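One-letter residues, chain by chain:
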Amino acid sequence: MQPIQQKDILTYKYLSDPRYNPSRTRAAFVVSTANEAENSYESRLWLYENGPVKQLTDLGKERGYLWLDDDRLIFPAVRSAAEKKRAEAKEPFTSYYVLDLKGGEALPFFTVPFAVSELKVLDEKRFLVEGTFHKDHPDFFAADEETRKQFLKEKEENKDYEVFDELPFWHNGAGVINGQRRRLFLVTLDPLTITPLSGPKEDMGGFTVLHDEVFYAVQERGPKMLLKEFTLRARNLETGEDRE
C-alpha cells in the first residue's frame, strides 16, 4: 500500500448534509471536491434511492438544499445573467431554484432581497426565512427601486474602506460582521409577500417550529454592542397571533 500523498487529497470526495424526503423513500446529499486551479471547493447535489446513487447538479455551487416535497428540491443559486450582475454589484439577495426529480432542469423559484442564513419549508407556498441585514438599513427588503439604486451607489462609493464601530467586527468564516443583524421573515408565494416577524432593532437568536407555531428568540443591541436579555416569542402561523 502506497502512503497518502498530498495530491491525493485533491481527489477525495466529501459527503455531507444527507436528508430524507418527507416520506423517507429517497435521500439527497452534497458531494464536495477540491478545485486546485481556483483554490476552492465545488459542491453538487446527489440522490440516493433504493441502492443506486446519481448526480443531480453540475455547476459546482449547489448546497444548502431543502426538500419542498417528496419529488422536488430547492436550493440557493446564482445562475441567470441578471443574478450574476446583481451579485457582482454586491446587492443583497438570495435566489432559490426548484429541481423536479421527475425530470427537467432546475427552474427559478423565488428571490428575496437579503442574504438568507436559514430557511424552513412550511409548505410549497410558505417559508420561514432568517435573513441578514445591516442595522442602518433594516427595511431594505421593502425598499423601492430608487432607494435600492441609491444604496448600491453609496456602497460602491465607499467600497475602499470599512468603518468598525462594534465588537466583534469580524467572525472566522463569516468575515466582517460589523453592523450585521438577523431577522425572521414569513415568505409566501403567488404573489411573493415578505412579512417580518422580528423587529428592525432586534437580532435573532434562532427559531424552531412546533405544530402551528414558530418560537424565536430576539435581543436588542445597544450603540456599543451592549446586549440585553433574550426575549422568547411565539407566533401562531394559522391565526397570526403573537405572544411572549
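Residues numbered from 1 in each chain as written. Predicted model: local features only at pLDDT ≥ 70, side-chain atom pairs only at ≥ 80, totals over all residues. Heavy atoms only, no water.

K.L.:
Before we go on, may I ask you to explain unusual backbone geometry in this structure?
P.N.:
Leaving glycine out, the prevailing phi sign among residues is negative, and the prevailing peptide bond configuration is trans. Note the cis peptide between Asp190 and Pro191, where omega equals 0°. Looking at the secondary structure, you find Pro191 in the loop between strand 13 (180-188) and strand 14 (193-196). With phi around 65°, Lys90 is a residue other than glycine that occupies positive phi space. With respect to the secondary-structure elements, Lys90 resides in the loop between helix 1 (81-88) and strand 7 (94-100). (Helix = DSSP H or I, 4+ residues; strand = E, 2+ residues; numbered from the N terminus.)

K.L.:
Sorry, what's going on with the pattern of salt bridges here?
P.N.:
Side-chain pairing between opposite charges can occur once the charged atoms of the two side chains come close. Under the definition given, this model contains 24 salt bridges. A cluster of three or more residues bridged by salt bridges with shared partners is formed by Arg26, Glu49, Asp71 and Lys102. (Salt bridge = Lys/Arg side-chain N within 4 Å of Asp/Glu carboxyl O.)

K.L.:
Would you explain the sheet that holds strand 18 (residues 242-243) in this entry?
P.N.:
Sheets are built from strands paired through backbone hydrogen bonds, the pairs being either parallel or antiparallel. Read from one edge of the open sheet, four strands run 15-16-17-18, paired in antiparallel fashion. Edge positions in the open sheet fall to strand 15 (202-210) and strand 18, since each of these has one partner strand only. Here strand 15 runs beside strand 16 (residues 213-220); their pairing, made up of seven bridges, is antiparallel. Bridge pairing in strand 16 links Val209 to Val214. (Pairing = 2+ DSSP bridges.)

K.L.:
How should the packing of aromatic side chains be read in this particular structure?
P.N.:
Two measures describe an aromatic ring pair: the distance that separates the ring centres and the angle between the ring planes. Taken as a whole and judged by the stated rule, the model has 10 aromatic pairs. Measuring from centroid to centroid gives 6.1 Å for Tyr14 and Tyr41, while their planes differ by 75°, and the two rings are edge-to-face. Of this pair, Tyr14 sits in strand 1 (residues 13-20) while Tyr41 sits in strand 3 (residues 40-48), and the two are 27 residues apart along the sequence. Plain terms: the ring middles of Phe164 and Phe169 are 4.3 Å apart, the flat faces sit at 10° to each other, and that makes the pair stacked. On the accessibility criterion, Phe164 (40% relative accessible area) is partly exposed. Aromatic rings pair up to connect Tyr96, Phe109, Phe110 and Phe127 into one cluster. Positioned above the aromatic ring of Phe93, the side-chain terminus of Arg86 is 4.3 Å from the ring centre. (Phe/Tyr/Trp six-rings, centres within 6.5 Å; stacked < 30°, edge-to-face > 60°. Buried < 20%, exposed > 50% of the residue type's maximum accessible area, 1.4 Å probe, protein only. Lys NZ or Arg CZ within 6 Å of the ring centre and 35° of its normal.)

K.L.:
Explain the environment of Asn50 to me, please; I cannot follow it from the model alone.
P.N.:
Considering the arrangement of structural elements, one finds Asn50 in the loop between strand 3 and strand 4 (53-55). Once the C-alpha coordinates of Asn50 and Pro108 are considered, the two residues, 58 residues apart in sequence, prove to be 29 Å apart.

K.L.:
Just to check I follow, could you spell out the layout of surface pockets for this structure?
P.N.:
By rolling a water-sized probe across the atoms, one finds the places where empty space is left. By volume, the largest pocket is sized at about 1500 Å³. In terms of lining, the largest pocket is formed by 39 residues, of which the most central are Lys90, His134, Phe151, Lys155 and Gln180. Of all the elements in the fold, those that place two or more residues in the lining of the largest pocket are helix 1, strand 9 (115-123), strand 10 (126-134), helix 2 (145-157) and strand 13. Class assignment of the residues belonging to the lining of the largest pocket gives a composition of 18 nonpolar, eight polar and 13 charged. The calculated volume of the second largest pocket comes to roughly 370 Å³. Surrounding the second largest pocket, 15 residues form its lining, Leu59, Gly60, Lys61, Glu62 and Arg63 being those nearest its centre. For the lining of the second largest pocket, the element with the most residues is strand 3, which contributes three residues. (1 Å grid on protein atoms, 1.4 Å probe; cavity = no way out; pocket = protein on both sides within 12 Å on 5 of 7 lines; lining within 4 Å. Points joined across faces, edges and corners; volume = space filled by probe spheres on them. Nonpolar A, V, L, I, M, F, W, Y, C, P; charged D, E, K, R; others polar.)

K.L.:
Explain the sheet that holds strand 10 to me, please; I cannot follow it from the model alone.
P.N.:
The four strands are arranged 9-10-13-14 in an open sheet whose pairing can be described as antiparallel. Of all strands in the sheet, those bounded by a partner on one side alone are strand 9 and strand 14. If you compare each strand with its neighbour and ignore which way they point, the axes differ by 30° on average. Relative to strand 14, strand 13 runs antiparallel, the two sharing four bridges. Within the sheet, the bridge partner assigned to Thr188 lies in strand 14 and is Thr193. (Axes fitted to C-alpha atoms, helices over the stretch in contact; angles between N-to-C directions.)

Everything listed is a geometric property; what it means functionally is a separate question.
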